[in-house]
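Inside the fold
What follows is each chain in one-letter form.
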Amino acid sequence: MSQTILEAENLCKFWGGLKALNELNIQFKDNQLHSIVGPNGAGKSTLLNTLCGAYPATSGVILYHGKPITNLKSYEFCRAGIGRSFQKTNIFHNATCLENCCIAAQQRIGGSFNLFRKRSKNRQITEIARSALEQAGLSARADIRAAEVSYGEQRQLEIAMVLATSPKVLLLDEPMAGMGHEESQTIISLLKKLKKRYCIVLVEHDMDAVFELSDLMTVMVDGQHLITDTVDNIRNNPLVQDAYLGNDDEVF
Ligand SMILES: Nc1ncnc2c1ncn2[C@@H]1O[C@H](COP(=O)(O)OP(=O)(O)OP(=O)(O)O)[C@@H](O)[C@H]1O
């Protein structure tokens, strides 16, 4: 039975007068993939950024395993087990895939990966990094510079880097952006595998992928929660079609 692991109560994030998140209540469960969809500017990325501590909430509460974590620093969210996907720009292109994962792993463990640290600590970081690459299907690319792997593999590397922070929750922002069909299929298979072990919160514009992957979907509009339901119920909900699609049936 899946348990709620991360939740937001009356969560608000305001930019001046703009209510990017407006009294949002939402729960995310273990071993489920929960997608957040909605039109441009609905507040999806703001939600991910607030849930990982990158943006301080204006008001409201974030609970992790039932305990409030709203006022933690962003690195403390990471150490607690909330991993946010790094954007492609956060990849060090001259470092190998393994080195990139080592850098991510040391974020969780603390300190830096260096010559003056005990050898056993560096070994531990390397093991975590190798395991993350393996889970993301990139073991064979471990010693290749990130700049030399394909675009799709760089997106896999972003996911590997989140896994290297030993998370319980994965917050993934458009992991399929800019991908062709074949590359998207690789990410879809990967996420199907990962959702058996993690709580995944997915923001993604590729609706075919969202429908294929989601256990639950939440629709947001103008910073507000419109509905949370299963894929079938969301697909057939006239309220959603109206608000999200503007009556354009073709999108679904
Ligand atoms: N750093 C910021 N400063 C000011 N306003 C911001 C900032 N980040 C986001 N916003 C505004 O907050 C609102 C929600 O933006 P957000 O990026 O969360 O939407 P989104 O649903 O992810 O959109 P998209 O699908 O286009 O990525 C938008 O009106 C956006 O312009």
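Residues numbered from 1 in each chain as written. Predicted model: local features only at pLDDT ≥ 70, side-chain atom pairs only at ≥ 80, totals over all residues.

Taking an unreviewed UniProt entry as the reference, the protein chain is identified by name as ABC transporter ATP-binding protein belonging to Amphritea atlantica.

**Overview of the sheet that holds strand S6 (residues 82-84)**
Across the sheet, six strands lie side by side as S6-S7-S8-S3-S9-S10; this open sheet has mixed pairing. In the strand order of this sheet, the two ends are held by S6 and strand S10 (224-229), each with one partner. Each adjacent strand pair in this sheet contributes to an overall mean axis angle of 20°, direction not counted. Bridge count between strand S3 (residues 33-37) and strand S9 (residues 216-221): four bridges; the pairing is parallel. Pairing of Val-37 across the sheet is with Val-219, part of S9. (Pairing = 2+ DSSP bridges. Helix = DSSP H or I, 4+ residues; strand = E, 2+ residues; numbered from the N terminus. Axes fitted to C-alpha atoms, helices over the stretch in contact; angles between N-to-C directions.)

**Description of the environment of Val-162**
Among the structural elements, Val-162 can be located in helix H5 (residues 151-163). The spacing of Val-162 and Arg-84 is 78 residues in sequence and 6.3 Å in space, taken between C-alpha atoms.

**Side note on the domain arrangement of the protein chain**
Here the protein chain is described as being made up of domain 1 (1-81 + 170-179 + 199-252) and domain 2 (86-166). On the side of domain 2, nine residues touch domain 1, which itself brings seven residues to the contact. The element contributing the most residues to the side of domain 1 that touches domain 2 is helix H2 (residues 74-80), with three residues. Counted by class, the side of domain 1 that touches domain 2 contains five nonpolar, one polar and one charged residues. (Domains from an automatic or database assignment. Contact = placed C-beta atoms within 7 Å. Nonpolar A, V, L, I, M, F, W, Y, C, P; charged D, E, K, R; others polar.)

**Describing the sheet that holds strand S2 (residues 18-29)**
Strand pairing in a sheet is mediated by backbone hydrogen bonds. Such pairs are either parallel or antiparallel. One open sheet holds the four strands; their spatial order is S2-S1-S4-S5, and the pairing between them is antiparallel. Here the strands that pair on one side only, and so sit at the sheet edges, are S2 and strand S5 (67-68).

**A closer look at the packing of H5 against helix H6 (residues 181-194)**
Any two packed helices are characterised by the angle at which their axes cross and by the distance between the axes. Between H5 and H6, the least distance of the axes is 9 Å, while the angle of their chain directions is 20°. Taken as axis vectors, H5 and H6 run roughly parallel relative to one another. Every pair of crossing elements has a handedness; the one defined by H5 and H6 is right-handed. From H5, Gly-152, Arg-155, Gln-156 and Ile-159 reach across to H6, where they touch Glu-183, Thr-186, Ile-187 and Leu-190. Here the residues of the contact of H5 with H6 sort into three nonpolar, three polar and two charged. (Parallel < 35°, antiparallel > 145°, perpendicular 65-115°, else oblique. Left-handed = near helix turned anticlockwise from the far one by under 90°.)

**Regarding H5**
Taking 1.5 Å of rise per residue, 13 residues should cover 18 Å, and H5 covers 19 Å from first to last C-alpha, within 8% of that figure. Residues of H5 that are buried: Glu-153, Arg-155, Gln-156, Leu-157, Glu-158, Ile-159, Ala-160, Met-161, Val-162 and Leu-163. (Expected span 1.5 Å × (residues − 1). Buried ≥ 20, exposed ≤ 12 C-beta atoms within 10 Å, placed from the backbone.)

**Details of the nonpolar core**
Ranked by size, the top nonpolar core spans 68 residues in total, and within it Cys-101, Ala-129, Ala-160, Ala-164 and Val-169 carry the most contacts. Sorting elements by how many residues they give to this core places helix H3 (residues 97-109) first, with seven residues. For this core, the two domains that each supply at least three residues are domain 1 (1-81 + 170-179 + 199-252) and domain 2 (86-166). Sequence-distant contacts of Ala-129, that is, excluding residues within four places in its chain, are made with Leu-98, Cys-101, Cys-102, Ala-105 and Ala-164. (Core = buried A, V, L, I, M, F, W, Y, C linked by C-beta atoms within 7 Å.)

**Focus on the pairing of S10**
Where S9 and S10 come together, five bridges link them in antiparallel fashion. The residue of S10 that forms the bridge with Val-219 is Ile-227. Counted between consecutive antiparallel strands, the loop separating S9 from S10 contains two residues, among which Asp-222 sits at a positive phi close to 50°.

**Focus: H3**
With 13 residues, H3 should reach 18 Å at 1.5 Å per residue; the first-to-last C-alpha distance of 19 Å fits that figure. The set of residues buried in H3 consists of Cys-97, Leu-98, Asn-100, Cys-101, Cys-102, Ile-103, Ala-104, Ala-105 and Gln-106.

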